[in-house]
Amino acid sequence: MTVELDWENLGFEYKKLPFRYISYYKDGQWDDGKLTEDPTLHLSESSPALHYGQQAFEGLKAYRTKDGSIQLFRPDKNAERLQKTADRLLMPQVPTDKFIEAAKAVVKANADYVPPYGTGGTLYLRPLLIGVGDIIGVKPAEEYIFTIFAMPVGNYFKGGLAPTNFIVSEEFDRAAPHGTGAAKVGGNYAASLLPGKKAKTSGFSDVIYLDPATHTKIEEVGSANFFGITKDNQFVTPLSPSILPSITKYSLLQLAEERLGLTAVEGDVKIDELDRFIEAGACGTAAVISPIGGIQYRDQLHVFYSETEVGPVTRRLYDELTGIQFGDIEAPEGWIVKVD
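Residues numbered from 1 in each chain as written. Predicted model: local features only at pLDDT ≥ 70, side-chain atom pairs only at ≥ 80, totals over all residues. Heavy atoms only, no water.

Within an unreviewed UniProt entry, the label attached to the chain reads Branched-chain-amino-acid aminotransferase, and the organism entered is Streptococcus porcorum. If you open the UniProt record of the chain and go to Cofactor (unreviewed entry), you find "pyridoxal 5'-phosphate". Quoted verbatim from the Sequence similarities (unreviewed entry) heading of the UniProt record, the comment on the chain is "Belongs to the class-IV pyridoxal-phosphate-dependent aminotransferase family." (UniProt positions renumbered as here; feature names shortened; annotations may be inferred.)

The structure is reproduced here in structure tokens:
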């Protein structure tokens, strides 16, 4: 089957594909799961996912390589992160092998929608774990749904690998100091909608969130992780218990050190010490790498490398990461899972 899409101008939008995976947890165990053509979830009106936010999700991508094959990038890490989120919300873990096999099944079933090599597009997978069933008190569900659906996507930020500006929010926090910031739960993202809208209305791509305890250190960039490149060749990212542990970020930390010869550092990134960075960016599965041109903090716009050009180290990191993801550069052991 030939799918007619404008592959090079996909954007980041939902598309209803033919197949998705669904599995049910009941009586203390997961069923075998299956592919389905039904895009609608059927659940009780009293499901804890709807009332009390007992839900988690993930995001990963499938990539078409030059030889036409398809591969996943570090899906075991997505499974691991979903398991940690499940623990935080008292939900049953989805075993890693079940998670990976489900992801592969969805990709294979929708293979015609994996964008061609060279277009820059990918097949984005959205795993979702929700508490369902007839529960009305504030307590964990007894039944759960695990599903994965997919859609072809382009760049998350318009313009692709091009610098954009962000603004620091001192009015809003992304997460509480000992809350769910390190878990990938919907409530974190719902809370970001208003500050994100205000940032965009003011002409910025999104918000820079500071640590909720002291408001002195950078934590996240919208729904992505922050990184900066110093004058003495350090690749620096924030370290905090309320930051979502980005798989892209940890991949870049390793690549920066092993492939680019930078010193990889996780630590405090103080908002009043932005002068130490000559380049900066946001990173995540959806964003990949989005160069940060400047950060508006109070009445000053701090510009890094350029508001219009991508810095050389950021570009090298991007080329190395995407080269691995699309199969053009050899990956570290265990990073790539082929879809048969």
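*Asks:* How would you sum up the overall build of the chain? Please name residues and give values.
*Replies:* In terms of helices and strands, the chain carries 7 helices and 18 strands. For 340 residues, the compact-globule estimate of 2.2 N^0.38 gives 20 Å, and the chain sits close to it at 20 Å. Its C-alpha atoms give the chain principal-axis dimensions of roughly 55 × 50 × 35 Å. Out of the 340 residues belonging to the chain, those deemed buried represent 55%. Accessible surface for the chain amounts to roughly 15600 Å². Of this, 48% is attributable to carbon and sulfur atoms. Averaging the positions of the 34 positive and the 46 negative side-chain charges in the chain gives two centres separated by 1 Å. (Helix = DSSP H or I, 4+ residues; strand = E, 2+ residues; numbered from the N terminus. Rg over C-alpha atoms; globule rule 2.2 N^0.38 Å. Buried < 20%, exposed > 50% of the residue type's maximum accessible area, 1.4 Å probe, protein only. Areas by Shrake-Rupley, 256 points an atom, 1.4 Å probe, with all protein chains shown as cover. Lys, Arg positive; Asp, Glu negative; His and termini not counted. Charge placed at Lys NZ, Arg CZ, Asp CG, Glu CD.)

*Asks:* Provide a residue-level description of the nonpolar core, including the pertinent values.
*Replies:* Counting residues in hydrophobic clusters, the biggest one holds 38 residues, and the most contacted among them are Leu72, Phe99, Val107, Leu123, Leu125, Leu129 and Phe146. Looking at this core element by element, the count peaks at 6 residues for helix H3 (residues 96-109). With residues near it in sequence (within four places) discarded, Phe99 still touches Leu60, Pro75, Asn78, Ala79, Leu82, Val94, Pro127, Phe146 and Ile148. (Core = buried A, V, L, I, M, F, W, Y, C linked by side-chain atoms within 4.5 Å. Contact = heavy atoms within 4.5 Å.)

*Asks:* Please set out helix H7 (residues 312-325) residue by residue, giving values where relevant.
*Replies:* Spanning 14 residues, H7 covers 20 Å between terminal C-alpha atoms, matching the ideal 20 Å at 1.5 Å per step. Buried within H7 we find Val313, Thr314, Leu317, Glu320, Leu321, Thr322, Gly323, Ile324 and Gln325. (Expected span 1.5 Å × (residues − 1).)

*Asks:* Give me the pairing of strand E8 (residues 143-153): which residues, what numbers.
*Replies:* With 9 of 11 residues buried, E8 is to be regarded as a mostly interior element. Relative to E8, strand E7 (residues 122-132) is paired through 11 bridges, and the arrangement is antiparallel. In the strand pairing of E8, Ile130 is matched with Ile145. (Pairing = 2+ DSSP bridges.)

*Asks:* Go over the pattern of salt bridges with me, naming the residues and quoting the values.
*Replies:* Considering all chains together, one arrives at 11 salt bridges under this definition. With a closest N to O distance of 2.7 Å, Glu58 and Arg81 form a salt bridge. On the criterion of sequence distance, the pair formed by Glu58 in the loop between strand E4 (55-57) and strand E5 (60-64) and Arg81 in helix H2 (residues 75-88) is long-range, its members being 23 residues apart. Across this residue pair, the class does not change: Glu58 and Arg81 are buried. A salt bridge links Lys200 to Asp206, with the shortest nitrogen-to-oxygen separation between them at 3.8 Å. A single network of salt bridges, built from pairs that share partners, joins Lys77, Glu80 and Lys84. (Salt bridge = Lys/Arg side-chain N within 4 Å of Asp/Glu carboxyl O.)

*Asks:* Please give an account of the packing of aromatic side chains that cites residues and values.
*Replies:* All told, the structure shown has 12 aromatic pairs when counted by the stated rule. Relative to Phe235, the ring of Phe227 lies with its centre 5.2 Å away and its plane at 20 degrees, an arrangement referred to as stacked. In textbook terms, an aromatic cluster arises when at least three aromatic residues are bridged by ring pairs, as seen for Tyr21, Tyr25, Trp30, Phe99, Tyr144 and Phe146. (Phe/Tyr/Trp six-rings, centres within 6.5 Å; stacked < 30°, edge-to-face > 60°.)

*Asks:* Run through a nonpolar patch on the surface, naming residues and quoting values.
*Replies:* On the surface, Tyr52, Ile136 and Val138 cluster together into a nonpolar patch covering about 340 Å² of accessible area. With respect to the secondary-structure elements, Ile136 resides in the loop between E7 and E8. Overall, the relative accessible area of 58% leaves Ile136 in the exposed class. (Patch = residues over 30% accessible without salt bridge, like charges linked within 9 Å, V, L, I, M, F, W, Y side chains within 5 Å.)

*Asks:* Requested: an account of empty space enclosed by the protein, with residues and values cited.
*Replies:* Per the stated rule, a full pass over the model turns up 3 cavities of 30 Å³ or more. There is about 90 Å³ of room inside the largest cavity. Contributing to the lining of the largest cavity are 13 residues, with Tyr63, Phe73, Thr248, Thr285 and Gln325 lying nearest its centre. If you tally residues by element for the lining of the largest cavity, the top one is E5, at 3 residues. Tallied by class, residues from the lining of the largest cavity come to 6 nonpolar, 6 polar and 1 charged. If you add up the space inside the second largest cavity, you get close to 50 Å³. Lining the second largest cavity are 13 residues, with Ala280, Pro291, Ile292, Tyr305 and Gly311 positioned closest to its centre. No other element matches strand E16 (residues 288-297), which puts 3 residues into the lining of the second largest cavity. Counted by class, the lining of the second largest cavity contains 7 nonpolar, 4 polar and 2 charged residues. (1 Å grid on protein atoms, 1.4 Å probe; cavity = no way out; pocket = protein on both sides within 12 Å on 5 of 7 lines; lining within 4 Å. Points joined across faces, edges and corners; volume = space filled by probe spheres on them. Nonpolar A, V, L, I, M, F, W, Y, C, P; charged D, E, K, R; others polar.)

*Asks:* Explain helix H6 (residues 247-258) residue by residue, including any values.
*Replies:* A rise of 1.5 Å per residue sets the reference length of H6, with its 12 residues, at 16 Å; its end C-alpha atoms lie 17 Å apart and thus fit the reference within 8%. Among all positions of H6, only Ile247, Thr248, Lys249, Ser251, Leu252, Leu253, Leu255 and Ala256 are buried. Here H6 starts with a cap whose side-chain oxygen sits 3.2 Å from the backbone nitrogen of Thr248, and that cap is Ser246. (Polar contact = N/O pair within 3.5 Å; in protein donor to acceptor, adjacent residues only side chain to side chain.)

*Asks:* Break down the side chain of Thr147 for me, with residues and values.
*Replies:* For Thr147, the position within the fold is in strand E8. Among all residues touching Thr147, those that are not within four sequence positions of it are Arg20, Tyr21, Ile22, Leu41, Arg126, Pro127 and Leu128.

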